[in-house]
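Inside the fold
The residues making up each chain are set out below.
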Amino acid sequence: MSALELREIEVAYGGVPAVRKVSLSVAPGEIVGLIGPNGAGKSTTLHAIMGVVPLRAGSITFGGSSLGGLAPEKIARSGIALVPEGRRLFAELTVDENLRLGLAGRPNGGDPAKDLEVVRELFPIVSEFRDRQAGALSGGQQQQLAIARALVASPSILLLDEPSLGLAPKVVELVFETLQTIRERGLGILLVEQRAQRTVALADRTHVLASGELRLTLTPDDAADTERMVAAYLS
Amino acid sequence: MKGLARQRGALELLGPVALVAAAGLVGTVVSQTSEIYVVTALISVATVVAIYTFVGNSGVLSFGHISFFAVGVWAAGVLSVPESEKPATMPYLFHLLATTTVGNVPSLVIAAAVGGVFAFLVGLPLMRLSGLAAGIATFAILGITNNILRYYEKIGPGLNTFSSVPETTGLLQVTVGAVVVIVAAFAYQKSRFGRQLRAGREDPAAARAVGISIYRQRLAAFAISGFMAGFAGGLYIHFIPINVDSVYLDLTFITLAMLVIGGIGSLWGAVVGALFVSLLDSVLAEAENGLTLLGHSINLPDGSRIVVESAVMALVLVLRPSGLTGGREFSLGWLGRIRRVRLRGPEATSA
Amino acid sequence: MTGLVASGITSVLHDAVQPQAQVDAIGLGSIYALMAVGIGLVFGVMRLVNFAYGQLIMAGAFAIAYASGRGWPVWAGIVLCFAVVLLLSFAMDVAVFRPLRGQSAAVMLVATFAISFLLQSIALLWFGPLGKTATSLVALNQPITIGSADIRKITVVAIVTAAICLGLLLLLMSRTSLGLHMRAAAIDAPTARLLGVRANLVSGVAVLVAGLLAAVVAVLLTVQFPTVTPTYALQDTIIVLVGVVVGGMTRLIPATLGGFLIGYVSGLLGDALPSNQSQYLPSFLFGLVILVLLIRPDGLFTRGRGVVERV
């Protein structure tokens, strides 16, 4: 079962702990949300999964094997793909080139043509603007390209770091709908977001992170219950 | 608390000064030939500290400082050669230069002044640049200076060897000179200007937000380091005859290497780097002449000295990229911890 | 006075536009362009300025000289040249570049200085200051007459070789996924790694290609300058470095154009200026460099941030 599991992980910058005793798991076919205020450690958690920052304690396993100490490019090629905060597209390369870059993350084997077709179907802009520079796209289009780029790596688990940042509400709706579709296709999704209510409504379960620690886990039933969530932030 | 900070500050100055003074003392007890190595080493200290004052505080690489050094060499040298001996190597001098002769200390002061003014003028346009552009632009200044000093015979000996300069730089003068430069560098980096420049290096956006003009602070550091480099040049020409190519590429590379190997971010690094590389060079030069060390006689083939030196330098950097001092100032850190525990008593054990 | 200056300038210009001067200048520009690519590739992918690049060329040239001194056939000398240069590149990469990855520019520069001096001094010990002479390809230095110009065969060979190499490189960078990965790593290495781009592979290829180009340059240079000394190609490296920064170091095409331009200008001025007026030429050129950097610090040929720039 290729589930991503974090067990009691701890990450520190210098001597300062950013993430403490965080445990969660993401299995294919489910969306797990991670919400919290700025500086709570959400991005740090994703960076730890991708091997960009080292773990001070705890373990991260994927499909049973440990990801500890592996280089980011190796983790990217093992079936976990990240859509980074701010998208981090290559503005001066074309849309098509950005997309093809995502192919670098494919675990060996498999025909990229099929995944490329799926992605083009999900995100028509990828074909429509294929020779346009990525930097010339609008915010929403860039977000679609970033997700498309991650998907062509044929991942089992998709990590997203604040995909709704800087996007108009209509576009955010589109993105969240796309995530549903991706879940239906069997991927596991770990969604880091600031839009608390929307995330809680979408995800199978949502963890609340504050000051580096997990405070609470919410389910879609709690989506309407904002007071409880506010209390969770303040505690 | 302020007392401890002041103590730490004083130590940061004391360390380099003590090391330099110790080197000077060593020079008094060794043979005549070895004394030459010591003097050269201390001139290197002055030069590298001058370069550090700009490069270490601003974070901008400059390849041009040896041009300020060279200008100091020229100024001090031309004005120190006795009038009767000038025509021998410098027959085309401007009348004013040909008829003016000054003493030892005035020549050093003038060398510093010329170096500083030249650096200021060069810095006016150049200090807007950063990174690679600044590196190449300062390198271009080095090239222009060398070109002019080489061919403009109205201001100096041109291609001739710069000889007949009174050899007033002995152990005492060079030690005092190096200490003066170190004190000046320390005073600058502790001053408001030095701290503003460092702030600008660490976080340019934040620095600008509080009103620091990075351009102005860089220009100030550039000019001050130009003074120091000119002064070091003055010391140099009073020590040994030189020609225009001894103050060009090789010297630029070796002084920059001394700084980086010592640790680019600290005064202590500049001093340690200069002394370390000089010591290495001296020992190897002796080994080329036949040297007995710990009962074994070492005789390196001629020219292998640079092989060993460059290999050692590369090795130091690969093993310890932050330099021998790690870019930190001199401190007695372990001593401080003991003192702190004693001051507060055994119950104070929090992290 | 102005009349004298004006006639001086017109005479220089007149000499400069002669076909022979033009072809020679393009020849030098082509060789410098290849060196610029070697330096620019490694810089783009590893953010490292390899000051010891000239020593790679020197080593290759010594290999050719060695082979010609032993009476080996020409092809054997060239093979030895390539072998020596590639081996040395690999050694530099493993011993110095990889351990210092991510360090500051100053550290990497001084480390490559040290390597440069190390190789120079080893060559000095081994071959002496007068060096060795490579006589095998001297025939290519003979001129053929086209119209009014005496063009040396080697100049034509240099231009054609450079064009082929640059063309192949363009294909590599724009048509292959490896090339795409290298371009991405040059733009934003951390994100490229997060997408799965293999950092070690990309930098290894950059070093390999740079080495191949150095070997090519060594072969081309030994024809025109058969005496190989320990400081062979050192001055050229410095000039190319200046040209690359002036052209625009962070992207491959501006860097290559910068290298070509400085080679072209150096070649023209070398031919066209009478020697008694060329004393202060370096100052003039350096002054020009400073001017360009003040106006366009990112490079003459780079377009602004984030606008059209394709390899």
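Calculation rules
- Residues numbered from 1 in each chain as written.
- Chains lettered and ligands numbered in written order.
- Predicted model: local features only at pLDDT ≥ 70, side-chain atom pairs only at ≥ 80, totals over all residues.
- Heavy atoms only, no water.
- Helix = DSSP H or I, 4+ residues; strand = E, 2+ residues; numbered from the N terminus.
- Rg over C-alpha atoms; globule rule 2.2 N^0.38 Å.
- Buried < 20%, exposed > 50% of the residue type's maximum accessible area, 1.4 Å probe, protein only.
- Contact = heavy atoms within 4.5 Å.
- Lys, Arg positive; Asp, Glu negative; His and termini not counted.
- Charge placed at Lys NZ, Arg CZ, Asp CG, Glu CD.
- Buried area = accessible area lost by both parts, 1.4 Å probe.
- Salt bridge = Lys/Arg side-chain N within 4 Å of Asp/Glu carboxyl O.
- Polar contact = N/O pair within 3.5 Å; in protein donor to acceptor, adjacent residues only side chain to side chain.
- Axes fitted to C-alpha atoms, helices over the stretch in contact; angles between N-to-C directions.
- Parallel < 35°, antiparallel > 145°, perpendicular 65-115°, else oblique.
- Nonpolar A, V, L, I, M, F, W, Y, C, P; charged D, E, K, R; others polar.
- Phe/Tyr/Trp six-rings, centres within 6.5 Å; stacked < 30°, edge-to-face > 60°.
- Core = buried A, V, L, I, M, F, W, Y, C linked by side-chain atoms within 4.5 Å.
- Pairing = 2+ DSSP bridges.
- pLDDT = per-residue confidence, 0-100.
- 1 Å grid on protein atoms, 1.4 Å probe; cavity = no way out; pocket = protein on both sides within 12 Å on 5 of 7 lines; lining within 4 Å.
- Points joined across faces, edges and corners; volume = space filled by probe spheres on them.

In this section: the overall build of chain C. What chain C contains, in helices and strands, is 12 helices and 4 strands. In terms of C-alpha radius of gyration, chain C reaches 20 Å, essentially the compact-globule figure of 19 Å for 311 residues. Oriented by its inertia axes, the alpha-carbon framework of chain C measures out at about 65 × 50 × 35 Å. For chain C, the proportion of its 311 residues judged to be buried stands at 51%. Pairs at least 24 residues apart make up 77% of the contacts formed inside chain C by residues separated by at least 6 positions. Side-chain charges in chain C split into 16 positive and 9 negative, and the spacing between the mean points of these groups amounts to 14 Å.

Attention shifts here to the interface of chain A and chain C. Contact with chain A, which involves 21 residues of that partner, is made by 22 residues of chain C. For the pair chain A and chain C, the summed buried surface comes to about 2,200 Å²; carbon and sulfur atoms form 57% of the total. Among the residues of chain A in contact with chain C, A:Glu73, A:Phe90 and A:Glu92 are the three that bury the most area, contributing 30% of the side total. At the boundary of chain A and chain C, one finds 3 salt bridges. Residue A:Glu73 is joined to C:Arg193 by a salt bridge in which the shortest nitrogen-to-oxygen separation is 2.7 Å.

What follows covers unusual backbone geometry. Residues and elements named next belong to chain A. The backbone phi angle of arginine 87 is positive, close to 70 degrees, even though this residue is not glycine. If you trace the backbone, arginine 87 turns up in the loop between β6 (80-83) and α3 (95-102). Taking the relative accessible area as the measure of exposure, arginine 87 reaches 11% and is therefore buried.

This part covers the side chain of A:Lys42. Residues and elements named next belong to chain A. Within the element layout of this structure, lysine 42 appears in helix α1 (residues 42-49). Although lysine 42 is buried, it makes no salt bridge; glutamate 162 carries the closest opposite charge, 4.0 Å away. Here the side chain of lysine 42 touches glycine 36 through a polar contact of 3.0 Å, landing on its backbone oxygen. Not counting chain neighbours up to four residues away, the residues in contact with lysine 42 comprise Leu34, Ile35, Gly36, Pro37, Glu162, Val192, Glu193, Gln194 and Leu209.

Every contact between the two is made by 37 residues of chain B and, on the other side, 38 residues of chain C. The contact between chain B and chain C buries some 3,100 Å² in all, and 86% of this surface belongs to carbon and sulfur atoms. It is B:Leu132, B:Ile136 and B:Phe253 in chain B that bury the most area against chain C; as a group they hold 17% of the surface buried on that side. If you look at where chain B meets chain C, you find 0 salt bridges. At the boundary of chain B and chain C, one finds 5 residue pairs in polar contact (both at pLDDT 80 or more). Those elements that place two or more of their residues in the side of chain B that touches chain C are α6 (104-126), α7 (131-151), α12 (249-262) and α14 (304-319) of chain B. The element that contributes the greatest number of residues to the side of chain B that touches chain C is α7(B), accounting for 12 residues.

This part covers the packing of helix α8 (residues 171-190) of chain B against helix α11 (residues 214-237) of chain B. Residue and element names in this part refer to chain B. Here α8 crosses α11 at 175 degrees, and the two axes come no closer than 10 Å. One finds that α8 runs roughly antiparallel with respect to α11. Side by side, α8 and α11 meet where Gln173, Gly177, Val181, Ala184, Ala185 and Tyr188 of the first sit next to Gln217, Ala221, Ile224, Met228, Phe231 and Leu235 of the second. Of the residues belonging to the contact of α8 with α11, the class tally is 9 nonpolar, 3 polar and no charged.

What follows covers the packing of aromatic side chains. In this structure the tally under the stated criterion is 19 aromatic pairs over all chains. Judged by centre distance (4.9 Å) and plane angle (70 degrees), the rings of B:Phe54 and B:Phe222 are edge-to-face. With a gap of 168 residues between them, B:Phe54 in helix α2 (residues 32-58) and B:Phe222 in helix α11 connect regions that are remote in the sequence. Judged by relative accessible area, B:Phe54 falls into the buried class, the value being 1%. Classification of B:Phe222 by relative accessible area gives buried; the value is 0%. Arranged with centres 5.8 Å apart and planes meeting at 65 degrees, the rings of B:Phe253 and C:Phe117 form a pair that is edge-to-face. Placement of the pair is B:Phe253 in helix α12 and C:Phe117 in helix α5 (residues 105-127), with the two residues belonging to separate chains. The same class applies to B:Phe253 as to C:Phe117, namely buried.

Bringing the pattern of salt bridges into the picture now. Evaluated as defined, the whole model comprises 21 salt bridges over all chains. Here A:Glu97 makes a salt bridge to C:Arg183, at a shortest N to O gap of 2.9 Å. Of this pair, A:Glu97 sits in helix α3 while C:Arg183 sits in helix α7 (residues 177-187), on two different chains. Residue A:Glu97 shares its accessibility class with C:Arg183, and that shared class is buried. Members of the salt-bridge network, linked through shared partners, are A:Asp96, A:Arg100, A:Arg120 and A:Arg130.

Right, let's talk about the nonpolar core for a bit. The biggest cluster of nonpolar side chains holds 196 residues, and the ones touching the most others in it are B:Val45, B:Val49, B:Phe162, B:Ile182, C:Tyr53, C:Ile57 and C:Leu293. Look past the residues within four positions of B:Val45 in its chain and what remains in contact with it is B:Val20, B:Ala178, B:Ile182, B:Val271, B:Ala274 and B:Leu275.

Looking across the 2 pairs of chains in contact, one finds the most contacts between chains B and C. At their nearest point, the C-alpha atoms of chain A and chain B are still 11 Å apart, with no contact between the two.

Residue and element names in this part refer to chain A. Across the sheet, 4 strands lie side by side as β2-β1-β4-β5; this open sheet has antiparallel pairing. Because the sheet does not close on itself, it has two edges, and the strands there are β2 (16-26) and β5 (65-66). Where strand β1 (residues 4-13) and β2 come together, 7 bridges link them in antiparallel fashion. Residue pairing for β2: isoleucine 9 is matched across the bridge by valine 22. Across the sheet, α1 lies against β1, β2 and β4 (57-62), angled at about 115 degrees from β1, the strand it touches most.

The subject of this paragraph is the confidence of the model for chain C. If pLDDT is low for a region, its predicted coordinates should not be looked at in detail. Residue and element names in this part refer to chain C. Per-chain confidence: chain C averages 86 in pLDDT, with 91% of residues scoring 70 or above. Segment residues 305-311 is flagged for pLDDT under 50; beyond a separation of four residues in sequence, or across chains, it makes 19 contacts in the model. Per the prediction output, this complex has pTM 0.87; the corresponding ipTM is 0.90.

Here the focus is the packing of helix α2 (residues 19-46) of chain C against helix α10 (residues 234-247) of chain C. Residue and element names in this part refer to chain C. Between α2 and α10, the shortest axis-to-axis distance is 9 Å and the interhelical angle comes to 70 degrees. With respect to each other, α2 and α10 are oriented roughly perpendicular. Residues Tyr32, Met35, Ala36 and Ile39 of α2 form the contact with α10, whose own contacting residues are Asp236, Thr237, Ile239, Val240, Leu241 and Val244.

Here we take up empty space enclosed by the protein. Residue and element names in this part refer to chain C. Applying the stated criterion across every chain, the model contains 8 cavities of 30 Å³ or more. Roughly 70 Å³ of internal volume is contained in the second largest cavity. Along the walls of the second largest cavity sit Gly38, Ile39, Val42, Asn50, Tyr53, Leu56, Ser89, Met92, Phe97, Val207, Ala210 and Gly211, which together make up its complete lining. Breaking the lining of the second largest cavity down by element, the ones donating at least two residues are α2, α3 (53-69), α4 (74-97) and α9 (199-224). Of the residues in the lining of the second largest cavity, the class split is 8 nonpolar, 4 polar and no charged.

Before going further, it helps to spend a moment on the sheet that holds strand β10 (residues 213-218) of chain A. All names here are of chain A. Taken in spatial order, the 6 strands of this open sheet run β6-β7-β8-β3-β9-β10, and their pairing is mixed. Edge positions in the sheet fall to β6 and β10, since each of these pairs with one other strand and no more. For this sheet, the mean angle separating the axes of adjacent strands, direction not counted, is 20 degrees. Bridge count between strand β3 (residues 31-35) and strand β9 (residues 205-210): 4 bridges; the pairing is parallel. Residue glycine 33 lies in a different strand from β9, and its bridge partner there is threonine 206. Against the sheet, helix α6 (residues 139-151) touches β6 and β7 (157-161), its axis set at about 170 degrees to β6. Helix α7 (residues 169-184) contacts β3, β7 and β8 (188-193) of the sheet and is inclined by roughly 155 degrees relative to β8.

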